Amino acid sequence: MKASKKEIYGTRGGYTSTATNGNGDKLDESLQSVFELALESHGPERTAQLLEKLAGQLRTVPHPVPGQNTPYINTIPPEQQPQYPGDRDIERRIKSMIRWNAMAMVVKANSNTNVGGHIASFASSATLYEVAQNHFFRGRTEDFPGDQVYFQGHAAPGMYARAFMEGRLDEQHLQNFRQELAGGGGLSSYPHPYLMPDFWQFPTVSMGLGPIMSLYQARFNRYLHARGLTNWKEEPKVWAFLGDGESDEPESLGAITLAARENLDNVIWVVNCNLQRLDGPVRGNGKIIQELEGLFRGAGWNVIKVIWGTEWDDIIKRDKTGLLLKRMDECVDGDYQKYIVEPGSYTRKHFFGKYPQLLELVNHLSDEQISKLLRGGHDVRKMYAAYKAATEHKGQPTVILAKTVKGYGLGEAGEGKNISHQQKKMNEKELREFRKRFNIPISDDVIADMPFFRPPADSVETKYLLERRKKLGGFVPARVFKPVTLDVPKLDFFSELLKAGKTEISTTTAFGGLLRTLLRHKGISKCLVPIIPDEARTFGLDVLFREIGIYSAKGQLYEPVDRNILSFYNETKDGQILEEGITEAGSMASFIASGTSYASHGTPTIPFYIYYSMFGPQRVGDLFWLAGDIRAKGFLCGATSGRTTLNGEGLQHQDGHSLLLAGTVPTCLPYDPAFGFELAVIVADGLRRMYIEHEDVFYYLALYNENHPMPAMPEGVEDGILKGLYKFKAGAEGKKLKAHIFGSGSIMQSALKAQEILAEKYNVSADVWSATSYKLLRNDAIRIQRWNMLHPALPAKKSYVETLLAKESGPFVAVSDNVRTIPDQIAPWVPGGLFTLGTDGFGRSDTRSRLRRFFGVDVETTVIGTLYALAEKKQIDRKVVAQAIKDLGVDPDLVQPQIV
Ligand SMILES: Cc1ncc(C[n+]2csc(CCOP(=O)(O)OP(=O)(O)O)c2C)c(N)n1
Ligand SMILES: [Mg+2]
C-alpha cells in the first residue's frame, strides 16, 4: 500500500506529527525522482536490492508508525538523552539500602511465620521507582493535590523500605510486615488505604484494577477541572506502575483507547517488563515489549521503550549492518531470560555468536562484563530520559516499556528464574552475596539476623533523600486530606417522595425524581456526579442530558441528530454526566475516582452510578470490593433489579443476587427499598453519614422498573428503614390467626395483596413488614452475638431484629425478588425461624406474572407460603393449605426453577 504523503514522522526518538509540511512534500518528490533515476539507469533488479539495503538501515532507527513496531532498541537515542541531574553515587547507595531493607523485610517475616511477600518484583523495579522518587513524583502541597501514583501492589516492600529510610516508618513497622494484628503497628501486604489510611492512596494488587483506575482517575481529574472544582496551580500526573504479566488482564488494556481519545497527557504508565510473571515467562515465544508497543501505538499512545542500558549504546552504534538489531529482534523473551541465568560466555556464544560478525562487537568485553550489560530499566540515565520525555509529552498518554530482570541482584537465590516470584527465603550465603553486590554496610557477625539498615539522620544519603522529597513537595505515597463537610439536604427536602404519589411509578422513576431534586439543591448540586454506562434512556434519565450535559473534553463537534427534542444528546465541555458507554468496569473506575475525590483532591463529590443491576457486582465484583478498600463514598444504583421484575430479558439479565454480592463488601450498605419515601430516607441519611459524619462507606440501592402505587411515608418509620426492617402495614383486626410477611422491593406488592387475601379468605391477620436491608440486620445481630459470646458472664444484649420481633406472635414469612439466602441471613434471630420464598435459579424471558408464579413469589404463592408456615406451627391443618393451593389455582407440580 502506498504510504500517505501526509504521514511525516520525526527521524529518531518518536512520533512527531501526522500533519503535512512543505519539507515533507519536497522530500517525497526528491525520493521519487531518485527512485525513477535508479530504475532508469540500473534497472528494477538492482533498484530492488538498493531499496532492501536502505530498508535494512532503517531498522537501526526507530520509525514509529501507529500500530506497528519500532526495532527492539531504546526509543530515545543516546544523542537525545538529557544529562542525569542527580548524584548517581548517592542515589545508588540509597537504592541499595532500600533493596536490602525490602528483601530483609520479606525474609525476616518468613523466617518465623508463613505470611509470604515478594522480593523479586521490587528487585526488578527498584530503579524505576527510585528515579521517579528522586526526580519526578510530586507530593501534595496547599495548591497541588500531588501526583497520583499507582504502585505495583506486590512491590510494596520497596515502598515501605523507602518510607523507612525517609523516617516515616520505624523498625517495628518493618518487623511487622504483613502482621497488622501483631501489635505495635504492622504493614499491610499490599497497598490498602483501608488498612493504612495515611499511607496508601490506591489499592492495586488485584491485577488490572490499578491500570484501569488510573486512566479513569486521570480523566476524572480533567472532568473536575472542567467543572471548576479544582484549585490546583498545576495538573497532577497520574502514574501507574504495572507488571508485564498484569497486562494480560482485560482491565489493564481495556480502556487504553479512552486515554488516547481524551488526550490524557496527564497519564504515564510504566510497565515493568521483567519478562516474567508468577509461573514463568510472560511471552516465552514472543516479545512482550513489542506486543505492547504495537497495541499502545495502535491505540494512539506515545510509547517509549527502554530496553538497553548505557553499555549497549556503543555496541549498537558500532553495528553498521543492522545485524545486531536483527538478532535482538529475532530473539524471543525465553532466550532473553536465559541470558540472565547463564554466564556471560553463554550470551557471547548464543546471542552474539549466532552471527559471527557480531562477536567482534563484544571482543573487547570479558564474559563477566557481558553478563553485566544492563537492561534499560536498571539504568537511571535511561529511565530519567524516559520519564522526562513522558512528563513533557503533549497530547497523548505515555507508556514506558522498561525492560528489567526479575529478581535483579538475587543471584543464585532467584535472579531471572521461573521460581523468582515465589522466593521468600534466603540462606546466609545468599544474604552475604546480596550484601556484597549492593555494598551494604552490615558485618558478618550479624548478617544472619538480617538487620534493617538506615543511615544516620545526618548522613549524606538521608540528607540527599529528604532534600529531594522536600523539593518535590513531600512524600509519596501519602494519603493526606482534611475532611470537608458538605451542606447536604435533610429528609424534608425530598417532600415529593414522602407524600403519596399521584400516579403509579417504579422505584427507578422515583430515584430519577430524587436525583433531579438533588440537582436543584444549592449546597451539593455541583458535587453530584451521575455516571451512566449507556443506559440513561432505559432508566428514563435521558432528560438529564439537556439539563446538566454530558461531559466531553471536546465539547460537541457535530450537530446531534436529535437536536430538536428535549432530551437530545448534549455533550458539553463542562457537562456533569459521565456517560461512559458500555463499560461497567470503566464506570466503576469513575465511581471510585469520584467517590474518593474527597481524599485525592480534597474536594468531595457524590457519585450516583446507575446501571443495569445484573452487570454490577456480578460483572465487576472486584471493583466493588476495591471501592471498600479505597474508602470510596457514593451511591451504586442497580436498576432493573429483581429476577422477575425485569421480565422479558431472560437468564443473563435478571438479577436476584446483587444484594447478596454487594453485601459482601464490609463498607457497603445494601438496601432494597420498596417505596419512594424509603429511598429518600436512605439517600438523605447516606448523604449525612458520608459527607457530614465522614464515614467511609458507600451504598448499594436495588431499584426496580415495575410501576405501582407509592404511599405516603407512615409516621416514625425512618429508624426502621435505615436499620433494615419496620412494620409497614399491620394486619386486619379480629382475625383468628396471626402471621407476618417480610416484603421488599417490588415484591412488597405480592406481600400486600397476600395480606388482603389471607384476611378475607383464611381468617389470618398478617402484618406486612418492609425489609429494606437484611444485610444490615444481620450485621447488627452478628456484632451482638459475638459480644455475647465473649462476655458470657454479663447480661446478654439483644440485636435490633430480636428486640423488634420479640413481642410478635405467629410465623414469619419472607418474600422477595431475590435468592432465598438474602432473607435467610436473619433467620437465626427471628423467633421461631423464617420461612422464605425467593427466586433461586435461572430466569426466563417471560411475562412478569408467569415468572412470579414459576419462582413462587407471586401473590398466590405468598398466601400459600404463609398458610404453610402456619401449618408447620400446627396452627392450622395441612388440609387448609392443600385446599388453598386448589382454590388459588396453583399447580403443585409446576416446573421448578432448576437448582442443583
Ligand atoms: C487478578 C489477579 N490474579 C492473580 C494474582 C496473583 N498474582 C500476583 S503477582 C502475579 C504475577 C505478576 O506478574 P507481573 O505482572 O509480570 O509482575 P512482576 O512481579 O513480574 O513485576 C500474580 C499472578 C493477582 N494478584 N491478581
Ligand atoms: Mg513481570
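Preceding this paragraph is the structure being described.
Residues numbered from 1 in each chain as written. Chains lettered and ligands numbered in written order. Predicted model: local features only at pLDDT ≥ 70, side-chain atom pairs only at ≥ 80, totals over all residues. Heavy atoms only, no water.

Peer 1: I keep staring at the site of ligand 1 and nothing clicks. Help me out?
Peer 2: In the vicinity of ligand 1 lie 18 residues, with Ser-121, His-154, Asp-244, Gly-245 and Lys-406 positioned nearest. Contacts to ligand 1 include His-154, whose side-chain N or O atom sits 2.7 Å from an oxygen atom. In the environment of ligand 1, an oxygen atom lies 2.9 Å from a nitrogen or oxygen atom belonging to the side chain of Asn-274. For ligand 1, the accessible surface in isolation is 590 Å², of which the surrounding protein chains cover 76%. Among the residues forming the shell around ligand 1, the class breakdown is 3 nonpolar, 10 polar and 5 charged. (Near = heavy atom within 4 Å. Polar contact = N/O pair within 3.5 Å; in protein donor to acceptor, adjacent residues only side chain to side chain. Areas by Shrake-Rupley, 256 points an atom, 1.4 Å probe, with all protein chains shown as cover. Nonpolar A, V, L, I, M, F, W, Y, C, P; charged D, E, K, R; others polar.)

Peer 1: How should I be thinking about the pattern of salt bridges in this particular structure?
Peer 2: Opposite charge on two side chains permits them to pair, given that their charged atoms come into close proximity. What the rule picks out here adds up to 52 salt bridges. With a closest N to O distance of 3.6 Å, Glu-433 and Lys-429 form a salt bridge. Here Glu-433 pairs with Lys-429, and both are found in helix α17 (residues 428-438), just 4 residues apart, close to one helical turn. Lys-429 sits in the exposed class, given a relative accessible area of 54%. Where Arg-850 meets Asp-846, a salt bridge forms, and the shortest distance between an N and an O atom there is 2.8 Å. For Arg-850, a relative accessible area of 53% corresponds to the exposed category. Overall, Asp-846 belongs to the partly exposed group, its relative accessible area being 29%. (Salt bridge = Lys/Arg side-chain N within 4 Å of Asp/Glu carboxyl O. Helix = DSSP H or I, 4+ residues; strand = E, 2+ residues; numbered from the N terminus. Buried < 20%, exposed > 50% of the residue type's maximum accessible area, 1.4 Å probe, protein only.)

Peer 1: I'm lost on the sheet that holds strand β1 (residues 148-150) in this one. Help?
Peer 2: Within a beta sheet, neighbouring strands are joined by backbone hydrogen bonds and run either parallel or antiparallel to one another. Taken in spatial order, the 5 strands make up an open sheet running β1-β2-β3-β5-β4, and their pairing is parallel. Only two strands of the sheet have a single neighbouring strand rather than two, namely β1 and β4 (302-306). If you compare each strand with its neighbour and ignore which way they point, the axes differ by 15° on average. Where strand β2 (residues 238-243) and strand β3 (residues 267-273) come together, 6 bridges link them in parallel fashion. For Leu-242, the partnering residue across the bridge sits in β3 and is Val-271. Each of β3, β4 and β5 (398-403) touches helix α9 (residues 288-299); the most contacted strand, β4, lies at about 165° to it. (Pairing = 2+ DSSP bridges. Axes fitted to C-alpha atoms, helices over the stretch in contact; angles between N-to-C directions. Contact = heavy atoms within 4.5 Å.)

Peer 1: How should the packing of helix α3 (residues 120-135) against helix α16 (residues 380-392) be read in this particular structure?
Peer 2: Helix-helix packing is described using two parameters, namely the angle between the two axes and the distance between the axes. In the contact formed by α3 and α16, the axes pass within 10 Å of each other and the chain directions differ by 60°. Taken together, the axes of α3 and α16 lie oblique to each other. For α3 against α16, the interelement crossing comes out right-handed. For the pair formed by α3 and α16, the contact residues are Thr-127, Leu-128, Val-131, Ala-132 and His-135 on the first element and Val-380, Met-383, Tyr-384 and Tyr-387 on the second. (Parallel < 35°, antiparallel > 145°, perpendicular 65-115°, else oblique. Left-handed = near helix turned anticlockwise from the far one by under 90°.)

Peer 1: Could you clarify how one ought to interpret the coordination of the magnesium ion (ligand 2) in this entry?
Peer 2: At 2.0 to 2.1 Å from the magnesium ion (ligand 2) lie its protein donor atoms, namely Asp-244 (OD), Asn-274 (OD1) and Gln-276 (O). Between consecutive donor residues of the magnesium ion (ligand 2), the sequence gaps follow D-x29-N-x1-Q. With respect to burial, Asn-274 and Gln-276 carry one shared label: buried. (Donors = N, O, S within 2.8 Å, 3.2 Å for Na, K, Ca; no water.)

Peer 1: Can you walk me through the side chain of Ser-750 in this structure?
Peer 2: Position of Ser-750 among the secondary structure elements: in helix α29 (residues 748-762). Setting aside anything within four residues of it in sequence, one finds Ser-750 in contact with Val-857, Asp-858, Val-859 and Thr-862.

Peer 1: What is the right way to look at the nonpolar core in this model?
Peer 2: Taken as a class, soluble globular proteins show a tendency for nonpolar side chains to be buried jointly. Core analysis: the biggest nonpolar cluster contains 104 residues, and Trp-269, Trp-301, Met-328, Met-588, Phe-591 and Phe-742 have the highest contact counts within it. Beyond its immediate stretch of four places on either side in the chain, Trp-301 contacts Leu-215, Ile-256, Ala-259, Ala-260, Val-267, Trp-269, Phe-296, Gln-396, Pro-397, Thr-398 and Val-399. Ranked by size, the runner-up nonpolar core spans 85 residues in total, among them Leu-515, Leu-519, Phe-677 and Val-859. (Core = buried A, V, L, I, M, F, W, Y, C linked by side-chain atoms within 4.5 Å.)

Peer 1: Which parts of the structure should I look at to understand helix α10 (residues 310-318)?
Peer 2: Three or more residues of α10 are buried, namely Trp-312, Asp-313 and Ile-315. In this structure, the buried side of α10 is in contact with α11 (323-330), α13 (344-351) and α16.

Peer 1: When you look at α17 in this model, what are you seeing that I'm missing?
Peer 2: It helps to recall that an α-helix has 3.6 residues per turn; residues three or four apart then point in one direction. For α17, the full list of buried residues reads Glu-430, Leu-431, Phe-434, Arg-435 and Phe-438. Relative to the axis of α17, the buried residues are bounded by an arc of 140° and lie together on one face. Exposed residues pointing more than 90 degrees away from the buried face of α17 are listed as Lys-429 and Lys-436. For α17, the elements touching its buried residues are α2 (88-112) and α18 (444-447). For α17, the N-terminal capping position is held by Asn-427, with its side-chain oxygen 3.2 Å away from the main-chain nitrogen of Lys-429. Just past α17, the residue Asn-439 takes up positive phi, approximately 55°. (Arc of directions from axis to C-beta.)

Peer 1: What is the right way to look at the sheet that holds strand β13 (residues 698-702) in this model?
Peer 2: In space, the 6 strands of this open sheet follow the order β9-β6-β10-β11-β13-β12, with parallel pairing throughout. Sheet topology places β9 (578-579) and β12 (668-671) at the edges, where each strand pairs with a single neighbour. Contacting β10 (606-612), β11 (634-639), β12 and β13, helix α27 (residues 676-691) runs over the sheet at an angle of about 170° to β13.

Peer 1: Would you take a moment to explain the pairing of strand β17 (residues 812-815) for this structure?
Peer 2: In summary, the side chains of a regular strand alternate between the two faces of the sheet. Side chains of β17 alternate between two faces, with Phe-812 and Ala-814 and Val-813 and Val-815 buried alike. Direction of pairing for strand β15 (residues 737-743) relative to β17: parallel, over a ladder of 4 bridges. Its bridge partner being in β17, Gly-743 is matched across the sheet by Val-815. Where β17 meets strand β18 (residues 834-837), 4 bridges bridge the pair, whose relative direction is parallel. Paired with Phe-812 across the bridge in β18 is Leu-834.

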